[in-house]
Amino acid sequence: MSPLKFVVQFRCVVLSFSLRFVAEHQNNNIKTCAWGFEQWKFGLENILDSYEYERRFKMTDKKLDITLEFGGGAEFLFNKIKKHEVSLDGKKVQTIRDLLTWMKENILTERPELFIQDGSVRPGILVLINDADWELMGELEYEIQPKDNILFISTLHGG
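Structure report, in brief. Just so it is clear, the structure is predicted and the values come from calculations on it, not from any experiment.

About the cut-offs
- Residues numbered from 1 in each chain as written.
- Predicted model: local features only at pLDDT ≥ 70, side-chain atom pairs only at ≥ 80, totals over all residues.
- Heavy atoms only, no water.
- Core = buried A, V, L, I, M, F, W, Y, C linked by side-chain atoms within 4.5 Å.
- Buried < 20%, exposed > 50% of the residue type's maximum accessible area, 1.4 Å probe, protein only.
- Contact = heavy atoms within 4.5 Å.
- Helix = DSSP H or I, 4+ residues; strand = E, 2+ residues; numbered from the N terminus.
- Polar contact = N/O pair within 3.5 Å; in protein donor to acceptor, adjacent residues only side chain to side chain.
- Pairing = 2+ DSSP bridges.
- Axes fitted to C-alpha atoms, helices over the stretch in contact; angles between N-to-C directions.

**Some words on the nonpolar core**
Link 1 in the chain: Core analysis: the largest hydrophobic core is formed by 29 residues, its most contacted members being Leu68, Ile96, Leu99, Met103, Phe115 and Phe152.
Link 2 in the chain: Not counting the four nearest positions on each side in its chain, Phe152 is found in contact with Leu68, Glu69, Phe70, Gly71, Ala74, Leu100, Met103, Phe115, Val121, Ile125, Leu126 and Val127.

Structure follows, in structure tokens:
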């Protein structure tokens, strides 16, 4: 689920509780308030669907300029470069899953088994998307946006 869709769904839940509260405390008919809310929600869902269509089919032919950063030793797997400014083909790379494949083919220079395992990042590598844990963003299914900053931090250390 895209972050925008999550926020909208969360706001719909908050609004539905607010409408119920107002209706109960002002002796209004809850069904009238609920009907108005459903009409508003239906319109908002149509807007979101058109947004998804636009983003998937019109933006995908553009380049996605993003920043990839590596820390905690992960940079040694990427030619010892901590920060990569990359321009991706929006038709080929849309999700983090696609990005990992692209990274393996294009910029991963050392021991891929230390970075990728079973089509995902290896356990012990933290992934932050725009300073938020990727688990909150949908992990492999997160849809990359222009200007995203994706940080990979290794917690794996030899000894």
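**Section: the environment of Asp89**
Link 1 in the chain: Relative to the assigned elements, Asp89 resides in strand 2 (residues 83–89).
Link 2 in the chain: The exposure class assigned to Asp89 is partly exposed, which follows from its relative accessible area of 26%.
Link 3 in the chain: Through-space distance from the C-alpha of Asp89 to that of Lys63 is 5.0 Å; in sequence the pair is 26 residues apart.
Link 4 in the chain: For Asp89, the side chain forms a polar contact with the main-chain nitrogen of Lys91, separated by 3.0 Å.

**Points about the sheet that holds strand 2**
Link 1 in the chain: Strand order in the open sheet formed by 5 strands is 2-1-7-5-6, with mixed pairing between adjacent strands. Each of the sheet's edge strands pairs with one partner strand only, and the pair in question is strand 2 and strand 6 (132–133).
Link 2 in the chain: For strand 1 (residues 63–71) and strand 2, the ladder comprises 7 bridges, and the chain directions are antiparallel. Residue pairing across strands places Asp65 opposite Ser87, the latter belonging to strand 2.
Link 3 in the chain: Where helix 3 (residues 96–106) meets the sheet, its contacts fall on strand 1, strand 2, strand 5 (125–129) and strand 7 (149–154), and the angle it forms with strand 1 comes to roughly 70°.

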